[in-house]
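Descriptive analysis of the structure
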Amino acid sequence: MIRQILPIIATACMAPCLAAEGWLTDMDAARKEAAEQEKNLMIEFTGSDWCAPCMQLRANVLTKPDFQQEARKNFVLLELDYPRRKKQSAEVKAANRKLAEQYGVTSFPTIVFADASGKPFGAFVGGRPREDVMKAMQDALKNKEALQMAEAEVAKASTDEARAVVLMEVFKLAPRDYVDNFYGDVKAEIKKLDKDDKSGLKAADIRAARLQKERKDVQDYLAGKMTAKTPSAESLQAIRAYPDRDKLLPEPRQDLMMEEFRAYLDSTGDVDGAVLMLDKMVELAPDTETGRYASLSKIGILANKDRVKARVDADRKKQDK
């Protein structure tokens, strides 16, 4: 899947009335229509004039009459655009930027399935063929039904312990990426009722806070020791001198290891040794973002080993002059 990263400052689209046929472009209007028709929202976050997977998804699936006919049985369709060339009013840009932050959008296209209030019950990221989009839509509707059943059980719970148990069912069904922004009340109540932290939510919050601090510490350390002009060999020494690096959580350790890999490759030209460093990153935590990136990087380097070696050697010669 080709992922297109959300620009920090989104730019440009025509006025809402110029959206693709069948799609609204204003969240308030979409919520109102969904409430009146007792339907849900299908929200498309897109970069319509620059994101290739977005354009393919729209051309091959989202604008097709047969897809829209099926989707409109349960959804009001909402397009939120983040283009780079089309004109867009300051008001629309600000509104869309706020919604991207609220929904935690980091990649385009992102499709969110939500109730009439905008609360998500399903989502997917990236371009997909029609069959996969249809399946994702049906799976989301099934998940909403399960969420509603779990929420009904919460209302029936007669003790704090029973309420905590059924609230956990709601929490498990909530889409992971949207818990903090849309299901925070559920999480907060579970933590309040779950004195012994059987759910593990308190421990997870403690780890998240530690992770945030350690990653910031690593970033601050590197920023204080290195600049863009620091020779690679000196950078490598500074990275390896990070204190108590073995006591860090896997993610910040991988952050250091990735910087070490880059400095090592640039300073030594040892492609094989650099690949071994990627292996260690993957071994430490294969399912983190850095772990997955390291795995893909290894594949790319091995497939283009001679070219990588030539590029590194050329850069080293420039630095030596």
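Residues numbered from 1 in each chain as written. Predicted model: local features only at pLDDT ≥ 70, side-chain atom pairs only at ≥ 80, totals over all residues. Heavy atoms only, no water.

**With respect to the pairing of strand β3 (residues 75-81)**
The buried fraction of β3 amounts to 7 of the 7 residues, a majority that puts the element mostly inside the structure. The side-chain alternation of β3 yields two buried faces, one formed by F75, L77, E79 and D81 and the other by V76, L78 and L80. Inspection of the sheet shows strand β2 (residues 40-46) paired to β3 by 7 bridges, in the parallel sense. Bridged to F45 within β3 is L80. (Buried < 20%, exposed > 50% of the residue type's maximum accessible area, 1.4 Å probe, protein only. Helix = DSSP H or I, 4+ residues; strand = E, 2+ residues; numbered from the N terminus. Pairing = 2+ DSSP bridges.)

**Quick word on the sheet that holds β2**
Note on sheets: strands pair through backbone hydrogen bonds, and any given pair is parallel or antiparallel. With respect to topology, 4 strands assemble into an open sheet ordered β3-β2-β5-β6, the strand pairing being mixed. In this open sheet, the two edge strands, each paired with only one partner strand, are β3 and β6 (120-125). Here the strands of the sheet are splayed against their neighbours by 15° on average, with no regard to which way each runs. Packed on one face of the sheet, helix α2 (residues 52-62) meets β2, β3 and β5 (110-114) and runs near 140° to β2. (Axes fitted to C-alpha atoms, helices over the stretch in contact; angles between N-to-C directions. Contact = heavy atoms within 4.5 Å.)

**As for the confidence of the model for the chain**
Put simply, the chain has an average pLDDT of 90, and 93% of its residues get 70 or more. Of the regions scoring below 50 in pLDDT, residues 1-18 engages in 54 contacts with residues more than four places distant in sequence or in other chains. (pLDDT = per-residue confidence, 0-100.)

**Here we look at the layout of surface pockets**
Considering only enclosed or pocket space, the second largest pocket measures out at about 240 Å³ in volume. If you trace the second largest pocket, you find it lined by E161, A164, V165, M168, L193, D194, K195, D196, K198 and S199. The biggest single contributor to the lining of the second largest pocket is helix α6 (residues 160-173), with 4 residues. In the lining of the second largest pocket, the residues fall into 4 nonpolar, 1 polar and 5 charged. (1 Å grid on protein atoms, 1.4 Å probe; cavity = no way out; pocket = protein on both sides within 12 Å on 5 of 7 lines; lining within 4 Å. Points joined across faces, edges and corners; volume = space filled by probe spheres on them. Nonpolar A, V, L, I, M, F, W, Y, C, P; charged D, E, K, R; others polar.)

**Quick notes on the pattern of salt bridges**
Across all of its chains, the model carries 26 salt bridges by this definition. Across the pair E189 and R163 runs a salt bridge whose closest N-O atoms are separated by 2.3 Å. Taken together, the residues span a long stretch of sequence, with E189 in helix α8 (residues 184-193) and R163 in helix α6 at a distance of 26 residues. Judged by relative accessible area, which is 26%, R163 ranks as partly exposed. Residue K172 pairs with E169 through a salt bridge whose shortest N-O separation is 3.8 Å. With a gap of 3 residues between them, K172 and E169 both fall in helix α6, about one helical turn apart. (Salt bridge = Lys/Arg side-chain N within 4 Å of Asp/Glu carboxyl O.)

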